[in-house]
Amino acid sequence: MTFVLYCVDKPDHGHVRAENRPAHIDYLKENIDRIVIAGPMTSDDGETVKGSVIVVNDTARAEAEAFAAGDPYAKAGLFDSVTITAYKKVLP
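All of these numbers come straight from a predicted model, not from anything done at the bench.

Participant: Talk me through unusual backbone geometry; I want residue IDs and the actual numbers.
Facilitator: Negative phi characterises most residues that are not glycine, and trans characterises most peptide bonds. The amide bond that connects Leu91 to the next residue, Pro92, takes the cis arrangement and shows omega of -15°. Structurally, Pro92 can be placed in the segment after β4 (79-87). Of note in this structure, Asp12 is not a glycine but carries a positive phi near 60°. By the element assignment, Asp12 lies in the loop between β1 (2-9) and α1 (14-30). When its relative accessible area of 72% is taken as the criterion, Asp12 is described as exposed.

Participant: Summarise the sheet that holds β1; cite the residues concerned and give the values.
Facilitator: Remark on secondary structure: sheet strands pair via backbone hydrogen bonds, oriented parallel or antiparallel. Sheet architecture is open: four strands sit in the order β2-β3-β1-β4, paired in antiparallel fashion. Each having just a single partner strand, β2 (35-42) and β4 make up the two edges of the open sheet. Each strand axis lies, on average, 15° off the axis of its neighbour in the sheet, ignoring direction. Looking at chain direction, β1 and strand β3 (residues 49-57) are connected through seven bridges and run antiparallel. Within the sheet, the bridge partner assigned to Thr2 lies in β3 and is Asn57. Packing against the sheet, α1 makes contact with β1, β2, β3 and β4, and its axis sits at approximately 10° to β3.

What counts, and where the lines are drawn
Residues numbered from 1 in each chain as written. Predicted model: local features only at pLDDT ≥ 70, side-chain atom pairs only at ≥ 80, totals over all residues. Heavy atoms only, no water. Helix = DSSP H or I, 4+ residues; strand = E, 2+ residues; numbered from the N terminus. Buried < 20%, exposed > 50% of the residue type's maximum accessible area, 1.4 Å probe, protein only. Pairing = 2+ DSSP bridges. Axes fitted to C-alpha atoms, helices over the stretch in contact; angles between N-to-C directions. Contact = heavy atoms within 4.5 Å.

These figures come from the coordinates and say nothing about function on their own.
Encoded structure:
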């Protein structure tokens, strides 16, 4: 099953993102077999990061929740909210 992790950063926490980015990237690489797509959400300027979207393939919601909780960004308290939603790809 596919899940979308929609993670919104806390205001004024850019330093937390920067400090934990190497560990976050390592975490994603360690789990690359389950990741469909991952990347930051930005403001319209394309540079100011506002959060993250990660799409994962897992067999159950509990696995997606555990993956989200294990992210170094989450552990560092970067996110104001994390929403996990089941997703069904239709196109293309």
